[in-house]
Amino acid sequence: MSWLEKLRDLVRKPENAVLDPDAPGLRTVVAAFDPAVADSAVLADSPGWASEAPAVLVHHLVLPADRIEEAAAILAQDGYDLREQSRDGDRVRAHARRVQVLDALHCAQERSRMAGLAQRLGGDAPGWEARQPGDSPTASA
């Protein structure tokens with residue numbers, strides 16, 4: 001193999017299967033709704049989570065209805081799709097979704113980021129879950 005081929009192999013992005021957040025058959029494989037439990041512990045305790053595979057990371061948010069568009073614009077900058085789930089008066093329950101490979105550090109960073117965003121907008125970020133394809137058992141935390 002020539003040095004040029006070696007260089008190409010080093011810089012070539014690995015080809016990962018694209019995961020559609022709306023694909024049928026996605027199952028919740030890990031969930032974190034207790035702020036006292038570290039994300040690393042939640043991931044380690046999840047038998048259904050495939051650590052090397054992409055997952056749909058879903059942050060649960062409760063936001064004021066008049067701040068949803070602002071939240072969606074902020075989240076879109078980092079590849080999140082904000083989906084409204086339900087309305088209760090002036091509050092909206094929403095999911096911020098993004099496909100990524102999960103690890104404890106990034107889950108903790110994103111949880112903190114979502115909590116900060118929700119607080120700035122007058123809302124709350126009660127937790128997150130991850131969904132992957134297959135017949136994995138539903139996790140609860």
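The structure we're discussing is the one just above.
Being a predicted model, the structure only gives us computed values, none of them experimental.

Cut-off values and rules
- Residues numbered from 1 in each chain as written.
- Predicted model: local features only at pLDDT ≥ 70, side-chain atom pairs only at ≥ 80, totals over all residues.
- Heavy atoms only, no water.
- Helix = DSSP H or I, 4+ residues; strand = E, 2+ residues; numbered from the N terminus.
- Buried < 20%, exposed > 50% of the residue type's maximum accessible area, 1.4 Å probe, protein only.
- Contact = heavy atoms within 4.5 Å.
- Pairing = 2+ DSSP bridges.
- Axes fitted to C-alpha atoms, helices over the stretch in contact; angles between N-to-C directions.

Assigned secondary structure in the protein chain consists of four helices and five strands. Secondary structure elements of the protein chain, listed N to C terminal, follow the sequence α-β-α-β-α-β-β-α-β. Out of the 141 residues in the protein chain, the part that is buried amounts to 36%. Within the protein chain, counting contacts between residues at least 6 apart in sequence, those at least 24 apart form 75% of the total.

Attention now moves to the sheet that holds strand E5 (residues 124-133). Strands sit in the order E1-E5-E2-E4-E3 across an open sheet of five strands; the sheet is antiparallel. Strands at the two margins of the open sheet, each flanked by one partner only, are strand E1 (26-32) and strand E3 (81-88). Strand-to-strand, the axes of this sheet are offset by a mean angle of 25 degrees, without reference to chain direction. Alignment of strand E2 (residues 54-64) against E5, held across six bridges, turns out to be antiparallel. The partner of Val-56 across the bridge, within E5, is Arg-131.

This paragraph deals with the pairing of E3. Relative to strand E4 (residues 91-101), E3 is paired through seven bridges, and the arrangement is antiparallel. Bridging from a neighbouring strand, Leu-82 pairs with Ala-96 of E4.

Don't take any of this as a statement about function, it's just geometry.
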